[in-house]
Amino acid sequence: MAGTIGGRTVSSTYAPVRGWLLLPSWAVIGVFLLLPMLLMLVYSFLTKEFRGGVIWEFSLAAYDQFIFDRGLFGDEAPSIEWTYITIFVRSIVQALLATVLCLLIGFPTAYYVATRPARTRALWLFLITIPYWVNLLIRTVSMKFLIRDNGPFNEALLGLGLIDAPFQLVNTNLAVQLGLFYSYLPFMVLPIYASMERYNASLSEAAADLYATRWQILRRVIIPVIKPGIVAGCILVFVPSLGAFLAPDLLGGAKTFMIGSLIEEQFKGNAGNWPFGAAASMILLSMVLVVLMLYARSQAKEL
Amino acid sequence: MNSQVRSSASVAVGIENVEKRYGDFTALMQINLQINDNEFFTLLGPSGCGKTSLLRIIAGFEPTSAGLLFLYGEEIENLPPDKRPINTVFQNYALFPHMSVADNIAFGLKMLGWSSSDIEARVEQMVSLVRLQEFIHRRPAQLSGGQQQRVALARAMAPKPKVLLLDEPLSALDLKLRQQMRAELKQLQRDTGITFVFVTHDQEEALSMSDRIAVMSDGRIQQVGSPMQIYEQPANRFVADFIGDTNLLDAEIVEVAGGGASVRLGTGDVIKSDTPENVQIGDRGFVSLRPESMRLRAAADVGTDAGAVALQGVIEDIVYLGTDRQYTISLASNLRISVREQNVASGSADGLHIGNDVCLQLAERAARFLVN
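The structure presented is a predicted model; accordingly, all values stated were derived computationally and were not measured.

Draft legend 1. Geometry of the overall build of chain A. Within chain A, the secondary structure is distributed over 13 helices and six strands. Relative to a compact globule of 303 residues, whose C-alpha radius of gyration would be 19 Å, chain A shows 24 Å and is clearly more extended. When its C-alpha atoms are laid out on the principal axes, chain A stretches across 75 × 70 × 35 Å. By residue count, 34% of the 303 residues in chain A fall in the buried class. Intrachain contacts of chain A at a sequence separation of at least 6 include 61% that bridge at least 24 residues. For chain A, the computed accessible surface area is about 18,000 Å², with 70% contributed by carbon and sulfur atoms. For chain A, the distance from the average site of its 21 positive side-chain charges to the average site of its 17 negative ones is 15 Å.

Structure below.
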């Protein structure tokens, strides 16, 4: 039996990397991931039941509703329905902003931690992950408490005389952004840290030896070499930010609505529209897949 | 130290009273060296002797704790590495993994702001110098160790540095390749005329390539000299022991005459020996006897020709080494000495076996006396 370990082909009893090792994970992925997703795909092409649920009758109404406005009774000439498109665009912008913000804060953090002595590194990583021992919901609610009009943040600013009236954060896009950034920062820090830790510091010395300034070392050597970690961090922040619903629900309002909340609403209680929620999910999923495929292609080109 | 030496164009790297301390630990003390222009200079010593620290100080990766550093007469100890016209070949090569061979070689030239046509021409010149023409589009990971080594050399030499530093560049290669690269490096240094400062712990490497060698141990320079001086006239016990194999026997001077002296060994035998200047009768120390500087003969064959015989003993062990045989001889007073004989076709020593009585004849100037 031949297999490959660490890129080398080995053939012996000690390379028994057989397919059945993956069986449990295939079973879990199949039952709990692929099956529900297929169900959603099917639902998105069915007719809605008014109390929630579906009628098993093929219909493109969900996708049509997403893009076109046909009036209250569906009999007017179709015009573009901007409501949902706006929500999607807002979600993409928010997710991109969160990714950029996490990168700007996360990269220096990871760089700092990775360049500490080995013992101190473990402590820093521990400190970074501590907040994540608390449920995301609790943390988001706490943040709302901190930034509300009469919360500690505004009290402090008023007390210092920096502002005359409370600075309204809750229900704004800024608050949602803050929530996303805070929720997903470690997903940026940890993969970049992992790449940084493997980075061979003598590459920086070699670059300095070859007349590169500190900035040139960062731009031409460090960043390209740890790029896989940066890309992984960006994907890990962008994808969940795009579908997030906790931060926009709790910190935002009607004007900060994001895709996640839109989908959530369709399946909640009796007022929902399951086929429409399923269709929005499928559109979201396709967008994420496009991003991942573009990334995969750019990687393939480089090799 | 006078300033004429510093500013002299023939001194590529001048090091004056350089010290390096890490907390309580002193890595380098009172280092004084002058590395000449166009010289293949080697820093040789066991690991931890400070040779790599000294190289990193010259490159600018580490500051000195005290002392002065000159490059062709100019003080450079306050310049960062990117401002020193010195390039380094790193021990693990430190090639940029995300760049092709050509981009690796071009890196320093780009940083120096060369025009793209000049860069292209120089890269072409360098790849043909190190014979990597077919590989210029490959990534370092797609090259063998020897090829990576050549890229590292080409990359460091492309910006035409005034001094090239090499930090154990051959240690990662296998024996055959290492021997071949020795010759290539030496040739490259001759052809380019760049001053090489080479760091190694391998004495054979140092002896075969260098114009001059500085032997280091415990953060100090023990001796500076040509390979022949270092090998044949070691300045102290450490150098005698570290460079090549040798027998170190306790000795006392019993007679001083002309350029040499007679010394008495622990066995009671008196032999002729080279000495440093200014030794006196009664000085105690040791003699270094290289295993290859002695001839071995069966005691029975020597007969009455006793005048040429220096030492007598019994063969205790014989190790066959291919080109040589190594004999361990036990002498009087429980002393042992090792002797190497070449396995020539007619093999005069072939008849010797363990347990045979033998006589040792010393070659001219085989023994060197050193005070403790």
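The discussion continues.
Draft legend 2. Region of the structure containing the overall build of chain B. Secondary structure assignment for chain B yields 10 helices and 20 strands. Each principal axis of the C-alpha distribution contributes one length, and for chain B these read about 80 × 50 × 35 Å. When burial is assessed residue by residue, chain B has 49% of its 372 residues classed as buried. Put simply, of all contacts in chain B between residues at least 6 apart along the chain, 66% involve residues at least 24 apart. On chain B, roughly 17,100 Å² of surface is accessible, and the fraction owed to carbon and sulfur atoms is 46%.

Draft legend 3. Main features of the nonpolar core. Ranked by size, the top nonpolar core spans 73 residues in total, and within it B:Ile15, B:Leu43, B:Phe96 and B:Phe107 carry the most contacts. In terms of residue count, the dominant contributor to this core is helix α7 (residues 173–198) of chain A (11 residues). Dropping the residues within four chain positions of it, B:Leu43 is found in contact with B:Leu33, B:Lys51, B:Leu54, B:Val197, B:Phe198, B:Val199, B:Thr200, B:Ala214 and B:Met216. B:Tyr93, B:Val123, B:Met126 and B:Phe196 belong to the second-largest nonpolar core, a separate cluster that totals 35 residues.

Draft legend 4. Quick peek at the domain arrangement of chain B. All names here are of chain B. By the assigned domains, chain B splits into domain 1 (3–238) and domain 2 (245–371). Taken over both partners, the interface formed by domain 1 and domain 2 buries close to 700 Å², and the fraction arising from carbon and sulfur atoms is 48%. For domain 1, the biggest contributors to the area lost against domain 2 are Tyr231, Pro234 and Arg237; these three give 73% of the whole. Here domain 1 is connected to domain 2 by zero salt bridges. Applying the counting criterion to the domain 1 and domain 2 interface returns three residue pairs in polar contact (both at pLDDT 80 or more).

Draft legend 5. Main features of the packing of aromatic side chains. Residues and elements named next belong to chain A. A complete count under the given rule lists 18 aromatic pairs over all chains for this structure. Judged by centre distance (6.0 Å) and plane angle (20 degrees), the ring pair of Tyr43 and Trp274 falls under stacked. You can see Tyr43 sitting in helix α1 (residues 23–43) and its partner Trp274 sitting in helix α13 (residues 274–302), a full 231 residues away along the chain. Taking relative accessible area as the criterion, Trp274 reaches 26% and is therefore assigned partly exposed. Within the aromatic cluster, the residues linked to one another by ring pairs are Tyr43, Trp56, Phe267 and Trp274.

Draft legend 6. Expanded view of the interface of chain A and chain B. Each side of the interface is counted separately: chain A has 18 residues, and chain B has 26 residues. Between A:Glu205 and B:Arg56 there is a salt bridge, with its nearest N and O atoms 2.6 Å apart. At the boundary of chain A and chain B, one finds six residue pairs in polar contact (both at pLDDT 80 or more). Elements represented by at least two residues in the side of chain A that touches chain B include exactly α8 (202–209) and α9 (214–225) of chain A. Of all the elements, α8(A) adds the most residues to the side of chain A that touches chain B, at seven residues. Across the side of chain A that touches chain B, the residue classes break down as 10 nonpolar, four polar and four charged.

Draft legend 7. Looking closely at the confidence of the model for chain B. Scored by pLDDT, chain B has a mean of 88; 94% of the residues are at 70 or more. Strand β3 (residues 40–44) of chain B holds the highest mean pLDDT among the elements of chain B, 97, whereas helix α1 (residues 3–7) of chain B holds the lowest, 49.

Draft legend 8. Just the pairing of strand β11 (residues 247–257) of chain B, in detail. Residue and element names in this part refer to chain B. As defined by bridge partners, β11 adjoins strand β14 (residues 284–289) across six bridges and the pair is classed as antiparallel. The residue bridging Leu249 from the neighbouring strand is Val287, located in β14. What sits between the antiparallel neighbours β11 and strand β12 (residues 260–265) is a turn of two residues, in which Gly258 has the positive phi angle 60 degrees.

Draft legend 9. How the structure looks around the pattern of salt bridges. For the coordinates displayed, the defined rule picks out 20 salt bridges over all chains. With a closest N to O distance of 2.7 Å, A:Arg70 and A:Asp64 form a salt bridge. Of the residues examined, A:Asp64 reaches a relative accessible area of 22% and is grouped as partly exposed. For B:Asp82, the salt bridge is made with B:Lys83, and the minimal N-O distance between the two is 2.9 Å. Relative accessible area serves as the criterion here: at 16%, B:Asp82 is assigned to the buried category.

Draft legend 10. Geometry of the sheet that holds strand β19 (residues 357–362) of chain B. Residues and elements named next belong to chain B. An order of β15-β19-β16-β17-β18 is seen for the five strands of this open sheet, with the pairing classed as antiparallel. The open sheet terminates on both sides in strands that have one partner only, identified here as β15 (294–298) and β18 (336–342). Sheet twist, expressed as the average angle between the axes of neighbouring strands with direction ignored, equals 45 degrees. Summarising the sheet, strand β16 (residues 311–320) and β19 pair through four bridges and their orientation is antiparallel. Looking at the pairing, Leu311 lines up with Leu360 of β19.

Draft legend 11. Focus on unusual backbone geometry. Backbone geometry places A:Tyr211, a non-glycine residue, at a positive phi of 75 degrees. Its location among the elements puts A:Tyr211 in the loop between α8 and α9. Notably, B:Gln30 is not glycine yet its phi reads approximately 50 degrees, a positive angle. Note on placement: B:Gln30 falls in strand β2 (residues 25–36).

Draft legend 12. Up close: the packing of helix α3 (residues 101–111) of chain B against helix α5 (residues 145–157) of chain B. All names here are of chain B. Relative to each other, α3 and α5 sit at 30 degrees, their axes nearing to 7 Å. In terms of orientation, α3 and α5 fall into the roughly parallel class. Crossing of α3 over α5 shows right-handed handedness. Across the interface between the two elements, Val101, Asn104 and Ile105 of α3 pack against Val151, Ala154 and Arg155 of α5.

Calculation rules
- Residues numbered from 1 in each chain as written.
- Chains lettered and ligands numbered in written order.
- Predicted model: local features only at pLDDT ≥ 70, side-chain atom pairs only at ≥ 80, totals over all residues.
- Heavy atoms only, no water.
- Helix = DSSP H or I, 4+ residues; strand = E, 2+ residues; numbered from the N terminus.
- Rg over C-alpha atoms; globule rule 2.2 N^0.38 Å.
- Buried < 20%, exposed > 50% of the residue type's maximum accessible area, 1.4 Å probe, protein only.
- Contact = heavy atoms within 4.5 Å.
- Areas by Shrake-Rupley, 256 points an atom, 1.4 Å probe, with all protein chains shown as cover.
- Lys, Arg positive; Asp, Glu negative; His and termini not counted.
- Charge placed at Lys NZ, Arg CZ, Asp CG, Glu CD.
- Core = buried A, V, L, I, M, F, W, Y, C linked by side-chain atoms within 4.5 Å.
- Domains from an automatic or database assignment.
- Buried area = accessible area lost by both parts, 1.4 Å probe.
- Salt bridge = Lys/Arg side-chain N within 4 Å of Asp/Glu carboxyl O.
- Polar contact = N/O pair within 3.5 Å; in protein donor to acceptor, adjacent residues only side chain to side chain.
- Phe/Tyr/Trp six-rings, centres within 6.5 Å; stacked < 30°, edge-to-face > 60°.
- Nonpolar A, V, L, I, M, F, W, Y, C, P; charged D, E, K, R; others polar.
- pLDDT = per-residue confidence, 0-100.
- Pairing = 2+ DSSP bridges.
- Axes fitted to C-alpha atoms, helices over the stretch in contact; angles between N-to-C directions.
- Parallel < 35°, antiparallel > 145°, perpendicular 65-115°, else oblique.
- Left-handed = near helix turned anticlockwise from the far one by under 90°.

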